[in-house]
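# An overview of the molecular structure
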Amino acid sequence: MTTRSILDYVKSHPSGKVKIAYSDIDGILRGKYISTEKFLTIVDGGSSFCDVIFGWDSSDIAYDNTTFTGWHSGYPDAPARLDLNTFRKIPWENDLPFFLGELVDNKGKPSYVCPRQLLKKVLNDANREGFVPVFSQEFEWFNYSETPQSARAKNFKDLTPLTPGMFGYSILRTTLQNPFFHDLFDLLNKFDVPVEGLHTETGPGVLEAAITHSGILEAADRALLFKTAVKEIAYQHGVMATFMAKVNEALPGCGGHVHQSLWDKSSKKNLFHDAKDKHNMSALMKSYIAGQLYCLPSLLPMYAPTVNSYKRLVEGAWAPTTLTWGLDNRTVALRVLSGGNKSCRLETRVIGSDVNPYLAMAASLSSGLYGIKKKLKLQSETKGNGYRDYSHGTLPTTLHEATEAMKKSSIAEEILGENFTEHFVQTREWEWRQHLKPVTDWEMKRYFEII
């Protein structure tokens, strides 16, 4: 739609309001409703939003270790702007107009804490090299027949799954909860978050969806909006959806795999594909993969940002633990799907469903570009069980270990920027500190009587 047609739609909407939102560092949408009149006054001149959304964690608890904002600054409003290119109509809210925004600094330049701005920076790096990044993300997530009130009343224990049993790829279970499944597929597509496929995954009440590929910025927008939209649609069916990486030690974790390729400026030639290579992989693709493998230990918190993320990254749980790649191999960190010109791509499998899509895609692309720039050579392919291939190292096993590696490495600062890296590391250090305080059920069961 043109700018004129978007503004005409907003002006004519009977609600007299607009919904806007910004992504925080954890990929949570923070926003509000504003009047149509207010929207029209800020659409050209810019707006502002309380910078506390980058000064607290996912539970709205203020950081005590960051410098961007805090008690020391008084949590002022930060300059912000809406992106008209993100215009959508919310079908479950009478087609209410919706826009995503991003933060800028006092000079109108991109704010270093804003995840969407970080991705745009990395995208510009790729464009300068003549590359057009095409990305998409897929998500696995658990669904429960609960409400926010009932889940809290149960203290998040013994929640009732939407459907019972391990029914991966089952057409029976999609029939059992047919209205919910159809609403997910249909409403997401109407919300301009097109879904290629939706099916049950292994585990009670688990679903998986693949979002249609696009340019990387649009792909990240879609992925971020997907997570919130799924939760909102679920509410209407008396369902709670969670994108935690691991909800139960006895059940598989939830991935948020990112598919990616680089194309030429005309977007007609897939630069990852080479029909003359025995695996149909171009030299550029091999260096891209080598870059991701090289940078992965230094960027892991971008892919696995929570304490819970690392409960998923264990052997035999359909998530990688080693620095490996392979052809159509689901036990390695990086899975290559080297088909024809249209489909040749890389799947980064280390990423969990709890991720901020802007950060995961920025890390994926920037590390791949690093490999191309440095002309890194790709290690040998892992065949068979990637969990047993320790020849190139293993992934950090906790958020603390991963954050320390990112803090000590110069790679993140080089490809993502010093200011962003410092702020992000501080938020992950805070996240680790928070988990050290509570006494867990595991501790009570293990120590209460016997010690």
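Before going into details, it helps to say that this report is about the structure given with it. In this text the structure is predicted, and so the values were computed from the model without any measurement. (Residues numbered from 1 in each chain as written. Predicted model: local features only at pLDDT ≥ 70, side-chain atom pairs only at ≥ 80, totals over all residues. Heavy atoms only, no water.)

## Observations concerning the packing of helix α3 (residues 115–128) against helix α10 (residues 357–373)
Between α3 and α10, whose axes approach to 9 Å, the crossing angle comes to 25°. As judged from the angle between their axes, α3 and α10 are roughly parallel. Between α3 and α10 the crossing geometry is left-handed. Contacts from Pro 115, Arg 116, Leu 118, Leu 119, Val 122, Leu 123, Asp 125 and Ala 126 of α3 reach α10 at Tyr 358, Leu 359, Met 361, Ala 362, Leu 365, Ser 366 and Leu 369. Among the residues forming the contact of α3 with α10, the class breakdown is 12 nonpolar, 1 polar and 2 charged. (Axes fitted to C-alpha atoms, helices over the stretch in contact; angles between N-to-C directions. Helix = DSSP H or I, 4+ residues; strand = E, 2+ residues; numbered from the N terminus. Parallel < 35°, antiparallel > 145°, perpendicular 65-115°, else oblique. Left-handed = near helix turned anticlockwise from the far one by under 90°. Contact = heavy atoms within 4.5 Å. Nonpolar A, V, L, I, M, F, W, Y, C, P; charged D, E, K, R; others polar.)

## Looking at the sheet that holds strand β2 (residues 29–35)
Ordered by their spatial adjacency, 5 strands build an open sheet running β2-β1-β5-β4-β3, and the pairing between neighbours is mixed. Edge positions in the sheet fall to β2 and β3 (47–50), since each has one partner strand and no second. Strand-to-strand twist of the sheet, defined as the mean angle between neighbouring strand axes without regard to direction, takes the value 40°. Sheet topology note: the β3/strand β4 (residues 77–90) ladder contains 4 bridges and is antiparallel. In the sheet register, Ser 47 faces β4, and the bridge partner there is Ala 80. Packing against the sheet, helix α1 (residues 3–12) makes contact with β1 (17–23), β4 and β5 (96–103), and its axis sits at approximately 90° to β4. (Pairing = 2+ DSSP bridges.)

## Notes on the layout of surface pockets
Within this model, the second largest pocket holds a volume of roughly 820 Å³. Lining the second largest pocket are 41 residues, and of these Glu 138, Glu 208, His 259, Arg 335 and Glu 347 lie nearest its centre. For the lining of the second largest pocket, the secondary structure elements donating two or more residues are β6 (132–144), β7 (195–200), β8 (206–211), β11 (258–263), β13 (334–337) and β14 (345–348). Residue contributions to the lining of the second largest pocket peak at 6 residues, all from β6. (1 Å grid on protein atoms, 1.4 Å probe; cavity = no way out; pocket = protein on both sides within 12 Å on 5 of 7 lines; lining within 4 Å. Points joined across faces, edges and corners; volume = space filled by probe spheres on them.)

## What about the pattern of salt bridges?
Side chains carrying opposite charge are able to pair once their charged atoms draw close together. Counted according to the given criterion, the structure contains 24 salt bridges. Between Glu 218 and Arg 222 there is a salt bridge, and its shortest N-O distance comes to 3.0 Å. Here the residue Glu 218 and the residue Arg 222 both occupy positions in helix α7 (residues 216–235), the gap between them amounting to 4 residues, near one helical turn. On the basis of relative accessibility, which here comes to 24%, the residue Glu 218 falls in the partly exposed class. Overall, Arg 222 belongs to the buried group, its relative accessible area being 13%. The closest approach of N and O atoms between Arg 335 and Glu 347, which form a salt bridge, is 2.8 Å. Within this pair, whereas Arg 335 is found in strand β13, its partner Glu 347 is found in strand β14, the two being separated by 12 residues in sequence. (Salt bridge = Lys/Arg side-chain N within 4 Å of Asp/Glu carboxyl O. Buried < 20%, exposed > 50% of the residue type's maximum accessible area, 1.4 Å probe, protein only.)

## Concerning the nonpolar core
Among the nonpolar cores identified, the biggest contains 124 residues, and Phe 39, Trp 141, Phe 226, Leu 299 and Met 302 are the most heavily contacted of them. Looking at this core, the element that brings in the most residues is α7, giving 12 residues. Setting aside anything within four residues of it in sequence, one finds Leu 299 in contact with Ala 363, Ser 367, Met 406, Ala 412, Ile 415 and Leu 416. (Core = buried A, V, L, I, M, F, W, Y, C linked by side-chain atoms within 4.5 Å.)

## Describing empty space enclosed by the protein
Gaps left between atoms show up when a probe the size of a water molecule is rolled over them. All told, the structure shown has 3 cavities of 30 Å³ or more when counted by the stated rule. For the largest cavity, the calculated volume is near 60 Å³. Taken together, Leu 162, Thr 163, Gly 165, Phe 167, Arg 173, Phe 181, Thr 200, Glu 201, Gly 203, Gly 205, Val 206 and Leu 207 make up the full set of residues lining the largest cavity. Split by residue class, the lining of the largest cavity holds 5 nonpolar, 5 polar and 2 charged. Ala 21, Tyr 22, Ser 23, Leu 100, Gly 101, Glu 102, Cys 114, Pro 115, Arg 116, Leu 224 and Tyr 358 together form the lining of the second largest cavity.

## Concerning a nonpolar patch on the surface
On the surface, Trp 442, Tyr 447, Ile 450 and Ile 451 cluster together into a nonpolar patch covering about 520 Å² of accessible area. Mapped onto the fold, Tyr 447 is located in helix α14 (residues 441–447). Tyr 447 sits in the partly exposed class, given a relative accessible area of 37%. (Patch = residues over 30% accessible without salt bridge, like charges linked within 9 Å, V, L, I, M, F, W, Y side chains within 5 Å. Areas by Shrake-Rupley, 256 points an atom, 1.4 Å probe, with all protein chains shown as cover.)

## Some words on the environment of Asn 85
Mapped onto the fold, Asn 85 is located in strand β4. The spacing of Asn 85 and Gly 168 is 83 residues in sequence and 37 Å in space, taken between C-alpha atoms.

## Considering helix α8 (residues 283–303)
Between its first and last C-alpha atoms α8 spans 25 Å; for 21 residues at 1.5 Å apiece the expected length is 30 Å, and the helix comes up short by more than 12%. Of all 21 residues that make up α8, 16 are buried, and the element is covered over most of its length. (Expected span 1.5 Å × (residues − 1).)

## Comments concerning unusual backbone geometry
Across the chain, the bulk of peptide bonds are trans and the bulk of non-glycine residues have phi less than zero. In this structure, Asp 158 takes a positive phi of about 55° despite not being glycine. Mapped onto the secondary structure, Asp 158 falls in the loop between α4 (148–153) and α5 (171–176). Residue Asp 158 is classed as exposed on the basis of its relative accessible area of 74%. Backbone geometry places Ser 267, a non-glycine residue, at a positive phi of 60°. Structurally, Ser 267 is set in the loop between β11 and α8. For Ser 267, a relative accessible area of 43% gives the class partly exposed.

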